[in-house]
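Here are the chains, one letter per residue:
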Amino acid sequence: MPNTSELWTRDEVADYLGIAPGSVRRQMSRWGIERTDTIRHPHSGRALARYSAAAVKAARAAAPGQGARTDRA
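Calculation criteria
- Residues numbered from 1 in each chain as written.
- Predicted model: local features only at pLDDT ≥ 70, side-chain atom pairs only at ≥ 80, totals over all residues.
- Heavy atoms only, no water.
- Salt bridge = Lys/Arg side-chain N within 4 Å of Asp/Glu carboxyl O.
- Helix = DSSP H or I, 4+ residues; strand = E, 2+ residues; numbered from the N terminus.
- Buried < 20%, exposed > 50% of the residue type's maximum accessible area, 1.4 Å probe, protein only.
- Pairing = 2+ DSSP bridges.
- Axes fitted to C-alpha atoms, helices over the stretch in contact; angles between N-to-C directions.
- Contact = heavy atoms within 4.5 Å.

## Some details on the pattern of salt bridges
Argument step 1. A complete count under the given rule lists three salt bridges for this structure.
Argument step 2. For Arg 46, the salt bridge is made with Asp 11, and the minimal N-O distance between the two is 3.7 Å. In this pair, Arg 46 is assigned in the loop between strand E2 (37–40) and strand E3 (47–52) and Asp 11 in helix H1 (residues 10–17), connecting sequence segments 35 residues apart.
Argument step 3. When its relative accessible area of 36% is taken as the criterion, Arg 46 is described as partly exposed.
Argument step 4. Accessibility expressed as a relative area gives 30% for Asp 11, which makes it partly exposed.
Argument step 5. With a closest N to O distance of 2.7 Å, Arg 50 and Asp 37 form a salt bridge. Placement of the pair is Arg 50 in strand E3 and Asp 37 in strand E2, with a sequence separation of 13 residues.
Argument step 6. The structure contains a network of salt bridges with shared partners spanning Arg 10, Asp 11 and Arg 46.

## Topic: the sheet that holds E2
Argument step 1. Read across the sheet, three strands follow the order E1-E3-E2 without closing on themselves; strand pairing throughout is antiparallel. Edge positions in the sheet fall to strand E1 (7–9) and E2, since each has one partner strand and no second. Neighbouring strand axes in the sheet, compared pairwise and without regard to direction, differ in orientation by 40 degrees on average.
Argument step 2. As defined by bridge partners, E2 adjoins E3 across four bridges and the pair is classed as antiparallel. When the sheet's bridge partners are listed, Arg 40 is paired in E3 with Ala 47.
Argument step 3. Contacting E1 and E3, H1 crosses the sheet at an angle of about 90 degrees to E1.

Below you can see the structure in the form of structure tokens.
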């Protein structure tokens with residue numbers, strides 16, 4: 001099982017990528033990254049998906065830059 005320090009919540013992923021928290025699930029799906037586990041928020045009790053920080057960093061590094069024309073060869 002991965003070390004918990006290597007797992008990021010949706011909000012941490014959003015901060016790292018500079019996107020809205022509501023967009024994280026869609027972006028992870030595009031990149032083929034599945035949630036590692038789900039925990040409960042300690043105060044609100046809501047479910048929090050967690051993702052591998054290493055997988056998120058690797059996918060971002062491999063992604064083309066903003067405005068890249070990926071439709072051309």
